Amino acid sequence: MNRQLLGYAVLAIVVAALPFAGVYPIFAMKVMCYALFACAFNLLLGYTGLLSFGHAAFLGSAAYAAGQALKVWGWPTELGLLFGAGVAALLGLVMGALAIRRSGIYFAMITLALAQMVFFFFLQARFTGGEDGLQGVPRGTLFGFIDLSRDVNLYYLVMGVFVIGFLIIWRAVHSPFGQVLQAIRENEPRAVSLGYDVDRFKLLAFVLSAGIAGLAGATKTLVFVSATLSDATWQMSGLVILMTLIGGLGTLTGPILGAFIVVLLENKVGDFGQFMANATGVEWFLRLGESVTIVIGLIFVICVLAFRRGIVGEIGAFLERRRAARA
């Protein structure tokens, strides 16, 4: 455990030094927002065994709520972030109370249907701006004196939000509550026979996951000073599943790696296609660069076939086998 915490501390120091290493702050902040979103989803699927196809509803609802609070109501930045996370948690309470009555594919389809209802509400509502989204959201100041219009200042706020969210998940997993969630994932009937109120634990996990996903969505609104419909689409729900499965389901750091890979591909595949098209004169590379989803899909297929536990999961299994062989 101490070695694990030391590894997290080293990773945090490296991330804190990225702006001084020439890394584009917006790219790093986007990775952290999506990584927190994926970690929240992993808490539900990886540790509780509940596959939600509607998690984008929490990302999108928090994004719009935070944007409304900051731009229209003029709230301080801190309250705007908390308000976005609170709205997502409340929506998670409603959706979770309806969805946990079923399990398996029925649970997944209920979450997808409810998320689509939320999406169409955002599409029709006036305050969201429809297809144009909620634009021009002010970043404001932190504690009244730290100017968040500077990317460097905002970077460390986003990093702080990510660390807080990650620590909440880490603490939940390494607690009696987390042990019960894993027991439900492994053998729900046995957890019931031991006297646990399984539905209550599922609902708590769902609300916690929704709240942290909402925190990621509200933070993303600050980074891009806007909230758009793309945050609430079913494609976003599918994307977070890809992030989690590629990185490693049921691992704490796997979703972070998965989010980094997906965001890197989204940003660099087009540049690579343009470079190859210019270098070889073959227009096919240009079309490939424009088809980011195809490239991500191919990588997902490769990971599923070659790394069934995800990248981090396979690395952990390999190290475990080596330790067993030495013993």
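The model shown is predicted, which means the values in this text are computed figures rather than measured ones. (Residues numbered from 1 in each chain as written. Predicted model: local features only at pLDDT ≥ 70, side-chain atom pairs only at ≥ 80, totals over all residues. Heavy atoms only, no water.)

Counting residues in hydrophobic clusters, the biggest one holds 96 residues, and the most contacted among them are M29, F37, F58, L154 and L252. A total of 18 residues in this core trace back to one element, the largest contributor, which is helix α2 (residues 25-45). For M29, the contacting residues outside a window of four places in its chain are D151, L154, Y155, V158 and V223. (Core = buried A, V, L, I, M, F, W, Y, C linked by side-chain atoms within 4.5 Å. Buried < 20%, exposed > 50% of the residue type's maximum accessible area, 1.4 Å probe, protein only. Helix = DSSP H or I, 4+ residues; strand = E, 2+ residues; numbered from the N terminus. Contact = heavy atoms within 4.5 Å.)

For the rest of this paragraph, the subject is the UniProt feature "transmembrane region" (unreviewed entry) in the protein. Mapped onto the present numbering, the UniProt feature "transmembrane region" (unreviewed entry) falls on residues 6-27, 34-59, 79-98, 105-123, 154-173, 203-227, 239-265 and 285-307. In the segment residues 79-98, helix accounts for 100% and strand for 0%; the C-alpha atoms at its two ends are 29 Å apart. For residues 203-227, helix accounts for 88% and strand for 8%, while the C-alpha atoms at its two ends are 27 Å apart. (UniProt positions renumbered as here; feature names shortened; annotations may be inferred.)

Let us now look at helix α14 (residues 310-326). Between its first and last C-alpha atoms α14 spans 24 Å; for 17 residues at 1.5 Å apiece the expected length is 24 Å, and the two agree. For α14, the full list of buried residues reads G310, V312, G313, E314 and A317. (Expected span 1.5 Å × (residues − 1).)

The next subject is the pattern of salt bridges. One pass over the structure, following the stated rule, counts 7 salt bridges. Residue E186 is joined to R185 by a salt bridge in which the shortest nitrogen-to-oxygen separation is 2.8 Å. E320 serves as the salt-bridge partner of R323, at 2.8 Å between the closest nitrogen and oxygen. Pair noted here: R323 and E320 are both in helix α14, with a separation of 3 residues, about one helical turn. (Salt bridge = Lys/Arg side-chain N within 4 Å of Asp/Glu carboxyl O.)

Looking now at the packing of aromatic side chains. Counted under the stated rule, the structure contains 16 aromatic pairs. A centroid spacing of 5.1 Å and a plane angle of 65 degrees characterise the contact between W75 and F83, whose relative ring orientation is edge-to-face. The aromatic ring of F201 is capped on one face by R200, whose charged end is 5.3 Å from the ring centroid. (Phe/Tyr/Trp six-rings, centres within 6.5 Å; stacked < 30°, edge-to-face > 60°. Lys NZ or Arg CZ within 6 Å of the ring centre and 35° of its normal.)

Packed helix pairs are specified by the crossing angle of their axes together with the interaxial distance, meaning the distance between the axes. One way to put it is that helix α10 (residues 234-247) packs onto α14 with a least axis distance of 3 Å and a crossing angle of 15 degrees. In this view, α10 runs roughly parallel relative to α14, as classed from their interaxial angle. For the pair α10 and α14, contact is made by L245, I246 and G247 and by G310, I311, V312 and G313, respectively. Residues that form the contact of α10 with α14 fall into these classes: 4 nonpolar, 3 polar and no charged. (Axes fitted to C-alpha atoms, helices over the stretch in contact; angles between N-to-C directions. Parallel < 35°, antiparallel > 145°, perpendicular 65-115°, else oblique. Nonpolar A, V, L, I, M, F, W, Y, C, P; charged D, E, K, R; others polar.)

A cluster of nonpolar side chains, V72, W73, W75, L79 and L82, forms an exposed patch at the surface whose accessible area comes to about 520 Å². Structurally, L79 is set in helix α4 (residues 77-99). You can call L79 partly exposed: its relative accessible area is 44%. (Patch = residues over 30% accessible without salt bridge, like charges linked within 9 Å, V, L, I, M, F, W, Y side chains within 5 Å. Areas by Shrake-Rupley, 256 points an atom, 1.4 Å probe, with all protein chains shown as cover.)

Here the focus is the state of the cysteines. What we call a disulfide is simply a covalent bond connecting the sulfur atoms of a pair of cysteines. Within this structure, the stated rule accounts for 0 disulfides. Left unpaired, C39 is separated from the closest cysteine sulfur, that of C33, by 12 Å. (Disulfide = S-S within 2.5 Å.)

Turning to its location among the elements, N42 is positioned in helix α2. Not counting residues within four places of it along the chain, the set of residues in contact with N42 comprises Y47, T244, G248, L249, G250, T251 and P255.

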